[in-house]
Amino acid sequence: MDFKLTEEHLMIQQAARDFAQNELLPGVIERDEKQIFPAEQIKKMGELGFLGMMVDPKYGGSGLDTLSYVIAMEEISKVDASASVVMSVNNSLVCWGLETFGTEEQKQKYLTRLASGEIIGAFCLSEPEAGSDATSQKTTAIDKGDHYLLNGTKNWITNGSTADVYLVIAQTDIEKRHRGINALIVEKGMPGFEIGAKEQKLGIRGSDTHSLMFTDVKVPKENRIGEDGFGFKFAMKTLAGGRIGIASQALGIASGAYELALKYSQERKAFGTEICNHQAIAFKLADMAVQIEAARHLCMKAAWDKDNHNNYDLSGAMAKLYASQVAMDTAVEAVQIHGGNGYVKEYHVERFMRDAKITQIYEGTSEIQKIVISRSILSK
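Residues numbered from 1 in each chain as written. Predicted model: local features only at pLDDT ≥ 70, side-chain atom pairs only at ≥ 80, totals over all residues. Heavy atoms only, no water.

Per an unreviewed UniProt entry, the chain goes by Cyclohex-1-ene-1-carbonyl-CoA dehydrogenase and derives from Flavobacterium beibuense. Its UniProt record, at the heading Sequence similarities (unreviewed entry), says of the chain: "Belongs to the acyl-CoA dehydrogenase family." (UniProt positions renumbered as here; feature names shortened; annotations may be inferred.)

Colleague: Account for the overall build of the chain, naming residues and giving values.
Modeller: Helices and strands together make up the secondary structure of the chain, namely eleven helices and ten strands. Against the 2.2 N^0.38 benchmark of 21 Å for 380 residues, the chain shows a C-alpha radius of gyration of 21 Å, consistent with a compact globule. The C-alpha extent of the chain, read off along each of the three principal axes, is 80 × 45 × 40 Å. The burial tally for the chain puts 55% of its 380 residues in the buried class. Residue pairs at least 24 apart in sequence account for 73% of intrachain contacts in the chain once pairs closer than 6 positions are excluded. With 42 positive and 50 negative side-chain charges, the chain shows a separation of 3 Å between the mean positions of the two kinds. (Helix = DSSP H or I, 4+ residues; strand = E, 2+ residues; numbered from the N terminus. Rg over C-alpha atoms; globule rule 2.2 N^0.38 Å. Buried < 20%, exposed > 50% of the residue type's maximum accessible area, 1.4 Å probe, protein only. Contact = heavy atoms within 4.5 Å. Lys, Arg positive; Asp, Glu negative; His and termini not counted. Charge placed at Lys NZ, Arg CZ, Asp CG, Glu CD.)

Colleague: Mind laying out the side chain of Ser68, listing which residues take part and the relevant values?
Modeller: Structurally, the position occupied by Ser68 is in helix H4 (residues 66-77). At 3.5 Å, the side chain of Ser68 and the side chain of His9 are in polar contact. (Polar contact = N/O pair within 3.5 Å; in protein donor to acceptor, adjacent residues only side chain to side chain.)

Colleague: Give a description of the pattern of salt bridges that names residues and reports values.
Modeller: The final tally for this structure, using the stated rule, is 20 salt bridges. Among the salt bridges present, the one from Asp80 reaches Arg31, with a minimum N-O distance of 2.9 Å. Residue Asp80 is found in the loop between H4 and helix H5 (81-101), and its partner Arg31 is found in helix H2 (residues 28-34); the two are separated by 49 residues along the sequence. Here Arg31 falls in the buried class, since its relative accessible area comes to 7%. Taking the shortest distance from any N to any O, the salt bridge between Arg296 and Glu293 comes out at 2.8 Å. Here Glu293 and Arg296 lie together in helix H8 (residues 279-307), a separation of three residues that amounts to about one turn. Taken together, the salt bridges that share partners define one network made up of Arg17, Glu75, Lys78 and Glu259. (Salt bridge = Lys/Arg side-chain N within 4 Å of Asp/Glu carboxyl O.)

Colleague: Tell me about the environment of Asn308, and please be specific about residues and values.
Modeller: Within the fold, Asn308 resides in the loop between H8 and helix H9 (313-338). Its relative accessible area of 38% is what places Asn308 among the partly exposed residues.

Colleague: Tell me what's going on with the pairing of strand S3 (residues 147-158), and back it up with residues and numbers.
Modeller: For strand S2 (residues 140-143) and S3, the ladder comprises four bridges, and the chain directions are antiparallel. For Ile142, the partnering residue across the bridge sits in S3 and is Leu149. Inspection of the sheet shows S3 paired to strand S7 (residues 209-220) by nine bridges, in the antiparallel sense. Opposite Lys154, over in S7, you have Leu212 as the bridge partner. (Pairing = 2+ DSSP bridges.)

Colleague: How would you summarise the UniProt feature "domain: Acyl-CoA oxidase/dehydrogenase middle" (unreviewed entry) in the chain if you had to cite specific residues and measurements?
Modeller: In the numbering used here, UniProt assigns the "domain: Acyl-CoA oxidase/dehydrogenase middle" (unreviewed entry) feature to residues 122-217. Across residues 122-217 one finds 0% helix and 50% strand; the C-alpha atoms that close the span lie 17 Å apart.

Colleague: Explain the nonpolar core to me, using residue names and the numbers behind them.
Modeller: Core analysis: the biggest nonpolar cluster contains 91 residues, and Met45, Ile76, Met87, Leu98 and Leu167 have the highest contact counts within it. Ranked by residue count, the leading element in this core is helix H7 (residues 231-267), at 16 residues. The contacts of Ile76, once residues within four sequence positions are left out, are Ala16, Phe19, Ala20, Leu24, Met45, Ala83, Ser84 and Met87. Counting residues in hydrophobic clusters, the runner-up holds 18 residues, among them Leu150, Leu184, Leu212 and Val217. (Core = buried A, V, L, I, M, F, W, Y, C linked by side-chain atoms within 4.5 Å.)

Colleague: Please set out the packing of helix H1 (residues 7-24) against H4 residue by residue, giving values where relevant.
Modeller: Two numbers describe how H1 lies on H4: the axes approach to 8 Å, and their chain directions differ by 25°. Regarding the angle of H1 to H4, the classification is roughly parallel. The interaxial crossing formed by H1 with H4 has right-handed handedness. Note on element contacts: H4 touches H1 through Leu67, Ser68, Ile71, Ala72, Glu75 and Ile76, opposite His9, Ile12, Gln13, Ala16, Arg17, Phe19, Ala20 and Leu24. Taken together, the residues of the contact of H1 with H4 sort by class into nine nonpolar, three polar and two charged. (Axes fitted to C-alpha atoms, helices over the stretch in contact; angles between N-to-C directions. Parallel < 35°, antiparallel > 145°, perpendicular 65-115°, else oblique. Left-handed = near helix turned anticlockwise from the far one by under 90°. Nonpolar A, V, L, I, M, F, W, Y, C, P; charged D, E, K, R; others polar.)

Colleague: Before we move on, could you go through the domain arrangement of the chain and cite the residues and values that matter?
Modeller: Domain annotation of the chain identifies domain 1 (7-120), domain 2 (122-228) and domain 3 (232-378). Between domain 1 and domain 3, the C-alpha centre-to-centre distance is 20 Å. Listed as interface residues are 28 residues of domain 1 and, on the opposing side, 33 residues of domain 3. Surface buried jointly by domain 1 and domain 3 totals about 2400 Å² across both partners, of which 64% is contributed by carbon and sulfur atoms. When the buried surface of domain 1 facing domain 3 is broken down by residue, Glu74, Lys78 and Leu93 rank first, second and third, together holding 23% of it. One can count three salt bridges joining domain 1 with domain 3. In this structure, the salt-bridge partner of Arg296 is Glu74, at a minimum N-O distance of 2.7 Å. Viewed at the interface, domain 3 and domain 1 are joined by nine residue pairs in polar contact (both at pLDDT 80 or more). Of all the elements in the fold, those that place two or more residues in the side of domain 1 that touches domain 3 are H2, H4 and H5. Considering every element that reaches the side of domain 1 that touches domain 3, the biggest residue donor is H5, with ten residues. Its residues assigned to classes, the side of domain 1 that touches domain 3 comprises 16 nonpolar, six polar and six charged. (Domains from an automatic or database assignment. Buried area = accessible area lost by both parts, 1.4 Å probe.)

Listed below in structure tokens is the structure:
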């Protein structure tokens, strides 16, 4: 066991930290308040290689390991979770899914542009009646010979209006249930594809979240990912890696909130001394530090499993379940340590508290993670 980061990992960490502080921090409060998508910042993230970190360089990616991705995700999320969720979806769900299961033609046509950040992607699984129960797909993709006819609605889609490429999960044969589901590559602008209104959200308000409507959208057969009926397995395998990304996002939110609380506690005075000298505050900081370190180790273990081609269903689920809880707990305590200032936008921690909640919900709720974990430990 080696707990030291390599020189390359440290360089990536510093690059991500510098970008977050210099490019994301200015204007982050305004973007949150006005729900402004960080388009310029996302473009720069692509130029720096943060949107295709694990993609092979021959497809325009950075060719880095999952641990590098976790490290960068934490640093970006310390400042702006709205930007980091774009990074997570593009890396974990879209690029990884296409590179792992797509055809060479699909990789050349879509992956190269996605990995370089020229365009961004979206992953479309959730529906009004199919969130945690992903087998209950109402969106249909009827086989018409040389194409599929796509009809239905997708909800809560990250990058909903800013993406150019959408990986859409749809039911082709309802009698086969999960074995009759396909994953299709849909392009923005295809006739019959409409983007709904932007969602008014509690947190990650700079993130571009929309409903999508498909009405008789003709999707060429060559845009199907994998064999007929592979869609559900594709979604589950892709989401298993996505959990590592969201766990890292949660870790970053927790780390960012903790660092602000620590700094504030060393500056704010009460009863004649800095509040960090009061045991009530010092013990809060101690608990936060321990929980964040534990969450970081879980995230890195999941990344290590993925990089070493081990099954990472269990470690990924554990990382997401725990890190998301730590994000929520730490952000709440950071607000408490700031007192009245914690309730004010300029101190950032109220935004961290709002952003933290979604990490317990998207890409598999905490309850779903417990199902994955319990099934894994009981099957041994």
